[in-house]
Amino acid sequence: MKAETNTAGAAQDDPACSARLPLAARNGPVSMLVSRIARLHRIAAGKLLKGLGLYPGQEFLMMHLWDTGPVRQSELIKAVDLDPSTVTKMLQRLEQAGHVRRRPDPEDRRAVLVESTETSCALLTEVQRSWGELEEQTLAGLTPDDRAQLARLLTRVEANLCTETADCPEEARRAAALR
């Protein structure tokens, strides 16, 4: 069944299509939605993390350190795929808060090892709780089947984008290969 179109040519029954879209975005309504959702998600995460004394993005550094243990700062920068100066600033703040420790790598004194501290263990529990709260806020009103389908679709979108940018985490690379 063909959808009715409005004067802008957007399908009225498709929530991704709207005359409210900027003219330049009308050929990419889903991309516009993804951008808006990413922005809103980051704002919501920021509000939850602020109560923990974290800025958005710092939790990803901490998640990596909690999962891997001590790692060279250069490897951490690659893992989180951020500008080195951004990671350095994040680490300075996390170090001042007592969540990370940096020290020379005993195998290469020019390299710096970064590790989570014992103090950060309480933070881990709070970050887990905050991410659960963010998940519920993000997916409110979706059934378990909707949530599973959304996760499958977003995994596919991630794989598409990773393939195009050649900037894939290993899991996304595997998912793209299975297509």
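Model, not experiment: these values are computed from the prediction.

Asks: Give me the lowdown on the sheet that holds strand β1 (residues 71–72), citing residues and values where you can.
Replies: An order of β1-β3-β2 is seen for the 3 strands of this open sheet, with the pairing classed as antiparallel. On the outer flanks of this sheet lie β1 and β2 (100–105), each paired with one strand and no other. Where β1 lies against strand β3 (residues 108–116), 2 bridges are found, and the strand directions are antiparallel. If you follow arginine 72 over to β3, its bridge partner there is leucine 113. Docked against the sheet, helix α2 (residues 58–68) engages β1, β2 and β3, running at close to 100 degrees with respect to β3. Sheet contacts for helix α4 (residues 84–96): β2 and β3; angle to β2, the most-contacted strand, approximately 115 degrees.

Asks: Could you give an account of the pairing of β3, with specific residues and numbers?
Replies: With 6 bridges connecting them, β2 and β3 associate as antiparallel partners. Each bridged residue has a counterpart across the sheet, and for arginine 102 the counterpart in β3 is valine 114. Turn length for the β2-β3 hairpin, with the two strands adjacent in sequence and antiparallel, is 2 residues.

Asks: Summarise the confidence of the model for the chain; cite the residues concerned and give the values.
Replies: Confidence in the prediction for the chain averages 85 pLDDT; 81% of positions are at 70 or higher. Within the chain, β1 carries the highest mean pLDDT (96), whereas helix α7 (residues 170–177) carries the lowest (50). Across residues 1–12, confidence stays below pLDDT 50; counting only partners more than four residues off in sequence or on other chains, it has 14 contacts. Segment residues 175–179: pLDDT under 50, and 8 contacts once partners within four positions in sequence are set aside and those in other chains are kept.

Asks: Tell me about the packing of α2 against α4, residues and numbers included.
Replies: Helix-helix packing: each pair is described by the crossing angle between the helix axes and the interaxial distance. Two numbers describe how α2 lies on α4: the axes approach to 10 Å, and their chain directions differ by 75 degrees. Looking at the two axes, α2 sits roughly perpendicular to α4. Between α2, through Gln58, Leu61 and Met62, and α4, the contact on the second element is made entirely by Val87, Met90, Leu91, Arg93 and Leu94. Among the residues forming the contact of α2 with α4, the class breakdown is 6 nonpolar, 1 polar and 1 charged.

Asks: Before we move on, could you go through the side chain of glutamate 115 and cite the residues and values that matter?
Replies: Mapping glutamate 115 onto the fold places it in strand β3. At a separation of 3.0 Å, a polar atom in the side chain of glutamate 115 contacts the side chain of arginine 103. Glutamate 115 has contacts with Leu65, Pro70, His99, Val100, Arg101 and Arg103, leaving out every residue within four places of it along the chain.

Asks: Go over a nonpolar patch on the surface, please, and point to the residues and values.
Replies: On the surface, Leu142, Leu150, Leu154, Val157 and Leu161 cluster together into a nonpolar patch covering about 390 Å² of accessible area. When you line up the elements, valine 157 lands in helix α6 (residues 144–165).

Asks: Talk me through α4; I want residue IDs and the actual numbers.
Replies: Count 3.6 residues to each turn of an α-helix, and residues three or four apart come out pointing the same way. For α4, spanning 13 residues, the distance from its first C-alpha to its last is 18 Å, which sits close to the expected 18 Å at 1.5 Å a residue. Of all the residues in α4, the buried ones are Val87, Met90, Leu91 and Leu94. Seen from one end, α4 has its buried residues packed into an arc of 100 degrees, which puts them on one side. Those residues of α4 hidden inside the fold are in contact with α2, α3 (73–80), β2 and β3.

Reading the values: rules and limits
Every residue gets a number counted from 1 within its own chain, in the order that chain's sequence is written. Since the coordinates come from a predicted model, pLDDT governs what is reported: local features require at least 70, and pairs of side-chain atoms require 80 or more to be given and counted, while whole-chain, interface and lining totals use all residues. As a rule here, side-chain values cover all heavy atoms of the structure and leave hydrogens and water aside. Strands pair, by our definition, only if DSSP identifies at least two bridges between them. Here a strand is any run of E in DSSP of at least two residues, a helix any run of H or I of at least four, and the numbering for each starts at the N terminus. In this analysis, two residues are considered to be in contact whenever any of their non-hydrogen atoms come within 4.5 Å of each other. Helix axes are fitted to C-alpha atoms over the stretch in contact, other axes to C-alpha atoms as well, and angles between N-to-C directions run from 0 to 180 degrees. Scored between 0 and 100, pLDDT is the confidence that the predictor attaches to each residue. Roughly parallel here means an angle under 35 degrees, roughly antiparallel means over 145, roughly perpendicular means 65 to 115, and every remaining angle is called oblique. Three categories are distinguished: nonpolar for Ala, Val, Leu, Ile, Met, Phe, Trp, Tyr, Cys and Pro, charged for Asp, Glu, Lys and Arg, and polar for the others, with Gly belonging to the last. Counted as a polar contact is a pair of N or O atoms within 3.5 Å, where, for protein atoms, one must be capable of donating a hydrogen and the other of accepting one, and residues adjacent in sequence contribute only when both atoms are in side chains. Here a patch means residues that are over 30% exposed by relative accessible area and free of salt bridges, tied together within 9 Å if like-charged and within 5 Å if nonpolar (Val, Leu, Ile, Met, Phe, Trp, Tyr). Reported accessibility uses the Shrake-Rupley method at a 1.4 Å probe radius. Residues are deemed covered only where the shown protein chains occlude them. In what follows, salt bridge is the name for a side-chain nitrogen of Lys or Arg lying within 4 Å of a carboxyl oxygen of Asp or Glu. By this rule, a helix spans an expected 1.5 Å times one less than how many residues it contains. Relative accessibility decides the category of a residue: with a 1.4 Å probe and only protein chains considered, values under 20% of the type maximum give buried, values over 50% give exposed, and everything between is partly exposed. In this context, the arc is that of the directions from the helix axis out to the C-beta atoms.

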